[in-house]
Amino acid sequence: MRALLPTWSDWRPAVRSPGADLLSGLIVALVALPLALGFGISSGLGAAAGLATAVVAGAVAAVFGGSRFQVSGPTGAMTVVLVPIVHQYGAEGVLAVGLLAGLLLVVLAIAGVGRAVRYMPAPVIEGFTAGIAVVIALQQFPSALGIAQAEGEKVWQVAADAVRQYAAQPHAVTLVTALVVALVVLIGGRYLPKLPFALIAVAAATVAARVFDLDLAPIGDLPSGLPAPTVGFVHLDEIGALLAPALAVAALAALESLLSATAADSMAVGTRHDPDRELLGQGLANIAAPLFGGVPATGAIARTAVNVRSGARTRLAALTHAAVLAAIIYLAAPLVAHIPLAALAGVLLATTVRMVETASLAAIARASRGDALIMAITFLVTVALDLVSAVAVGVGIAVLLALRAVAREARLHQIPLEQSTEHLAEEHDLLHDHIVAYRLDGPLFFAAAHRFLLELAEVCDVHAVILRMSHVTALDTTGALVLKDAIGKLEHRGIAVLMSGLRADHHRRLAALGALPAGRLFEHTPDAIAAARALVVKSS
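Residues numbered from 1 in each chain as written. Predicted model: local features only at pLDDT ≥ 70, side-chain atom pairs only at ≥ 80, totals over all residues. Heavy atoms only, no water.

1. Here's the deal with the confidence of the model for the chain
Move 1: Looking at the chain as a whole, its pLDDT mean stands at 84, while 93% of the residues score no less than 70.
Move 2: Note that residues 419–424 has pLDDT below 50 and, in this model, 4 contacts with residues that lie over four places away or in other chains. (pLDDT = per-residue confidence, 0-100. Contact = heavy atoms within 4.5 Å.)

This is how it looks when you write it as structure tokens:
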């Protein structure tokens, strides 16, 4: 546990030279403000919840997290998971889910689970990232179209209902505002990436709405400060029902945060995050944020990328970002309340475009049909159902395809017997007709073992079978039992089975299952051939 806690070495460079981190933190805060407001609204808990999350979770994760550059707060992927939780359990349920998820993340950190993210298949990551982008875009349809009440159980159903209502009574101002803001963010960010175009576009839309009295729905009143810490979101007897959504939130928070920290490492030179410490930081952040009315948080790749590219050197930059947002809450809440919802929808629409890496998608699609299938299914399940189901399905398909590929590497080769001039020609003919030798190559496990059984069972018209085991790379219990069955069938037909080159660990497994041919184990294949010759000569 001590290795997961902050140390003075984390902050020593920041104390010596804080200038670059303070400037970077200010830039990230300006970028994060509209995103925090938008994601808070999209989650269903409101803009104030998004700001509270960005401040509290951002500060706690900056201190206790495992990455120097990670910026945490509300994210689009998390809102996708939170929307159905809000509908089913209400705001109090979401706060309780966030707290439970934080506790789960702390447990995962102590258990050392953080390093497992490296095993996530790339097609699954790209598939659900593209799916998340589409879901976030669909979530913005009601605000971008000016529809106050859109109905549906799934996000795509709500978006479809919003489009239907808009088609019945179209009004261009809201849609044009959202599209113009999105274009400004995308075009400006491409040519001048260091400027906070999201904040500039939102501010311009807010001013235009006030000056020209445009019919644009605003965010509404915000509290002029963070709420006092509170506990007791739900009754104890309701916690059991919240465990499943808490597991989903914890899984997403862990996955997204670790992927974001990994991306930050690739953007910065000579840095490497601590995955278990990152889980601890995110866990503590998600314990703290609900106490102040915040939604569950994760590491945010967009804000983290801005942090790195703005010249951040230490975790002081992420902490500064949280402090600037807190100052905005306390000093400028009345101004923020006038921001049009359509402008925030435009910012989030631009964010979804940036999330999709078309080059990565195309490269994976070209790599193999299997990878393209995994990516496509993960994408479709993300959009149609939910992110957790998509990851489970995508990983499941990836595992099955990987097992099939590994199983295909397993081979059963018939090998020629070594001929020796010490034997008469008649004996050579006798041996050729009555002895067969096989070399088993690759893994002998549950996905490939039954094919070996079928091939071995077809052996006939011989007196002895030699199994050369030195090239077997892996042997599981299923493979051992299938091999035992094959040996039993051969011996039942009067065919002697001999083994050579058996590894020590494979020997132990086969011996424990009673799958070794008694008295017919040899270290070297020539010894097994000599023993087989003796058996054939004796039987003749």
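2. Focus: the pattern of salt bridges
Move 1: Enumeration over the complete set of coordinates arrives at 5 salt bridges.
Move 2: One salt bridge connects D161 with R164, and the closest N-O pair in it is separated by 2.6 Å. With D161 and R164 both in helix α7 (residues 155–168) and 3 residues apart, the pair spans about one turn of that helix.
Move 3: On the basis of relative accessible area, R164 is assigned to the exposed category, the value being 53%.
Move 4: We note a salt bridge from R439 to D441, for which the minimum N-O separation is 2.9 Å.
Move 5: The exposure class of D441 is buried, given its relative accessible area of 14%. (Salt bridge = Lys/Arg side-chain N within 4 Å of Asp/Glu carboxyl O. Helix = DSSP H or I, 4+ residues; strand = E, 2+ residues; numbered from the N terminus. Buried < 20%, exposed > 50% of the residue type's maximum accessible area, 1.4 Å probe, protein only.)

3. So, a nonpolar patch on the surface
Move 1: Taken together, the side chains of L183, I187, Y191, L192, L195 and I200 define a hydrophobic patch exposed on the protein surface, amounting to about 620 Å² of accessible area.
Move 2: If one sorts the elements of the nonpolar patch by residue count, helix α8 (residues 172–191) sits on top with 3 residues.
Move 3: As for its placement among the helices and strands, I187 is situated in helix α8. (Patch = residues over 30% accessible without salt bridge, like charges linked within 9 Å, V, L, I, M, F, W, Y side chains within 5 Å. Areas by Shrake-Rupley, 256 points an atom, 1.4 Å probe, with all protein chains shown as cover.)

4. Brief notes about the environment of V306
Move 1: Structurally, V306 is set in helix α12 (residues 301–309).
Move 2: With a relative accessible area of 21%, V306 lands in the partly exposed category.
Move 3: Measuring from C-alpha to C-alpha, the distance between V306 and A162 comes to 33 Å, with 144 residues separating the pair along the chain.
Move 4: With sequence-adjacent residues up to four places away left out, V306 is seen in contact with I27, V28 and V31.

5. Section: the packing of helix α2 (residues 19–43) against helix α13 (residues 316–336)
Move 1: One way to put it is that α2 packs onto α13 with a least axis distance of 7 Å and a crossing angle of 50°. When the interaxial angle is binned, α2 and α13 end up oblique. Crossing angle aside, the handedness with which α2 passes α13 is right-handed. Taking contact as the criterion, the partners of D21, L22, S24, G25, L26, V28, A29, A32, L33 and L37 in α2 are, on α13, L316, A317, T320, H321, V324, L325, I328 and V336. (Axes fitted to C-alpha atoms, helices over the stretch in contact; angles between N-to-C directions. Parallel < 35°, antiparallel > 145°, perpendicular 65-115°, else oblique. Left-handed = near helix turned anticlockwise from the far one by under 90°.)

6. Section: the side chain of T53
Move 1: Note that T53 resides in helix α3 (residues 47–64).
Move 2: With near-sequence residues (within four places) excluded, T53 lies in contact with G58, G73, P74, G294, V295, P296 and A297.

7. A closer look at the pairing of strand β5 (residues 464–468)
Move 1: Within β5, 4 of the 5 residues are buried, leaving the element largely enclosed by the surrounding structure.
Move 2: Note that strand β4 (residues 435–444) and β5 share 5 bridges and pair parallel. Within β5, the residue paired with A437 across the bridge is I466.
Move 3: Taken together, the 5 bridges between β5 and strand β7 (residues 496–500) define a ladder with parallel strand orientation. When the sheet's bridge partners are listed, L467 is paired in β7 with M499. (Pairing = 2+ DSSP bridges.)

8. Points about helix α4 (residues 76–111)
Move 1: The terminal C-alpha atoms of α4, which comprises 36 residues, lie only 28 Å apart, well short of the 52 Å expected from a rise of 1.5 Å per residue.
Move 2: Approximately 120° is the largest bend angle found in α4, and it occurs at Y89.
Move 3: With its phi angle positive at about 75°, G112 sits one or two positions after the end of α4. (Expected span 1.5 Å × (residues − 1). Bend = angle between axes of the 7 residues up to and from the residue.)

9. Digging into the environment of E523
Move 1: With respect to the element layout, E523 can be found in the loop between β8 (521–522) and α22 (525–539).
Move 2: For the pair E523 and A62, spaced 461 residues apart in sequence, the C-alpha to C-alpha distance is 59 Å.

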